[in-house]
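A closer look at the structure
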Amino acid sequence: YARTKPPRFLRPKQVRKLFDSLPLSTPIEKRTHAMVHLAYSLGLRPVEISRITLDDISFQRAELTLQERKMGNPFTLPVPIQTIKAIALYVSRGRPQCPCRYLFLTQQVPHRQLSPGTVISYISKAMKQAGLPSSAYWLRHSYAQSLLQARRSLYEIKEMLGHENIQSTHRYLHIDTELMRKVLFNETL
């Protein structure tokens, strides 16, 4: 790595801790729950989360079409059932009723699209409440790391993250020390 620090990501126990700590009582908590799911299960950037509209989601096909990715091309992603359920809960029991088509809205009238900064703020707050010393972007790095551990190719990871070049993807990946120890020393950590 040319950088001084390796990428930061959550380990499986930390991911479980985060999701177990997310309350679902208020509309804001339901919204945060859905945003955390999108950041972790699809590796979405906060700006991409803020731009999702109701028209971008197909609940029947469990797909999300991102109209504006960093590379500029629309991209359709399969959405895990838990993430679909989190979005459905927010839409049915947390999202303000208004004609605005953006998925994530402010709770105050007049309801508006959430800014990327607000998405970062709520995800970071949820992570802090779970006792995790991390930021919203750690979920994107965790997504990339989980794809690497699932033996996805670097090209596949690049496409799923929406990177234009493979060098950008390299910065998201961390050497899987556990796999290395298993292969080199026949150890299990």
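What comes next concerns the included structure. Since the structure is predicted, the reported quantities are computational estimates derived from the model, not experimental observations.

1. Some words on the environment of Gln-129
Topologically, Gln-129 is positioned in helix H5 (residues 116–129). Residue Gln-129 is classed as exposed on the basis of its relative accessible area of 57%. Between the alpha carbons of Gln-129 and Ser-21 there is a distance of 7.6 Å; along the sequence they are 108 residues apart.

2. Some words on the pattern of salt bridges
Summed over the entire model, instances satisfying the criterion amount to 3 salt bridges. Note that Glu-48 and Arg-45 form a salt bridge whose closest N and O atoms lie 2.6 Å from each other. Of the two residues, Glu-48 and Arg-45, neither departs from the other in class, the shared state being buried. A salt bridge links Arg-101 to Asp-55, with the shortest nitrogen-to-oxygen separation between them at 2.7 Å. In this pair, Arg-101 sits in the loop between helix H4 (81–93) and H5 while Asp-55 sits in the loop between helix H3 (46–51) and strand S1 (57–58), placing the two residues 46 residues apart along the sequence. A relative accessible area of 55% means that Asp-55 is categorised as exposed.

Cut-off values and rules
- Residues numbered from 1 in each chain as written.
- Predicted model: local features only at pLDDT ≥ 70, side-chain atom pairs only at ≥ 80, totals over all residues.
- Heavy atoms only, no water.
- Helix = DSSP H or I, 4+ residues; strand = E, 2+ residues; numbered from the N terminus.
- Buried < 20%, exposed > 50% of the residue type's maximum accessible area, 1.4 Å probe, protein only.
- Salt bridge = Lys/Arg side-chain N within 4 Å of Asp/Glu carboxyl O.

In short, geometric facts, not functional conclusions.
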